[in-house]
Amino acid sequence: MKVRVINTSKHELPEYQTPQSAGLDLRANIDEPIELRPLERKLIGTGLFLELPAGFEAQIRPRSGLAYKYGVTVLNTPGTIDADYRGEIKVLLVNLSNEPFTIDDGERIAQMVVAKHEQISWEPSESLSDTERGAGGYGSTGKK
Ligand SMILES: O=c1ccn([C@H]2C[C@H](O)[C@@H](COP(=O)(O)OP(=O)(O)OP(=O)(O)O)O2)c(=O)[nH]1
Ligand SMILES: [Mg+2]
């Protein structure tokens, strides 16, 4: 599927890193390195502007390597890019480690997965169908 994009960044368009990757790695597009102190959050620009087809969204997700090695993740994961959004794609990073973390220009800071979604219309009702699960959840099927 082709997606219209404007790339105002200094970097190439995001790419799938392997033939069957779900996510396109997003690069920070910043004038100078940005430091994230412990528990600090910052919105990082990508310089990318998209026109997703109606019925699709883009999810902004963390990279597991950054999370595992440095405790740096996407605060609002999965971030939602609506098909009618025309602003710059930004990534809200947070540093959950005890050490400062420096983001360099061009660094791959998150990944973007494009997914289909539905829009619903409500059918207000007085009852719902019976199921085996019923209201069970929060570990209802696992160990006590
Ligand atoms: O990680 C993100 C999340 C959102 N957005 C952009 C695209 C999205 O379509 C828009 C609104 O996002 P969201 O609905 O999550 O934010 P909100 O707090 O509900 O703001 P709004 O009232 O503008 O919808 O912001 C990003 O660039 N990055
Ligand atoms: Mg919203």
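Residues numbered from 1 in each chain as written. Chains lettered and ligands numbered in written order. Predicted model: local features only at pLDDT ≥ 70, side-chain atom pairs only at ≥ 80, totals over all residues. Heavy atoms only, no water.

In the nomenclature of an unreviewed UniProt entry, the protein chain is known as Deoxyuridine 5'-triphosphate nucleotidohydrolase of Arthrospiribacter ruber. UniProt, in the comment section headed Pathway (unreviewed entry), describes the protein chain in these words: "Pyrimidine metabolism; dUMP biosynthesis; dUMP from dCTP (dUTP route): step 2/2." As stated in UniProt under Cofactor (unreviewed entry), the record for the protein chain gives "Mg(2+)". (UniProt positions renumbered as here; feature names shortened; annotations may be inferred.)

### Things to note about the sheet that holds strand β5 (residues 56-61)
Across the sheet, four strands lie side by side as β2-β10-β5-β7; this open sheet has antiparallel pairing. Taken across any chain shown, the strands that pair with only one partner, and hence form the sheet edges, are β2 (24-27) and β7 (79-81). The average angle at which neighbouring strand axes cross in this sheet is 35 degrees, direction not considered. As defined by bridge partners, β2 adjoins strand β10 (residues 108-116) across four bridges and the pair is classed as antiparallel. (Pairing = 2+ DSSP bridges. Helix = DSSP H or I, 4+ residues; strand = E, 2+ residues; numbered from the N terminus. Axes fitted to C-alpha atoms, helices over the stretch in contact; angles between N-to-C directions.)

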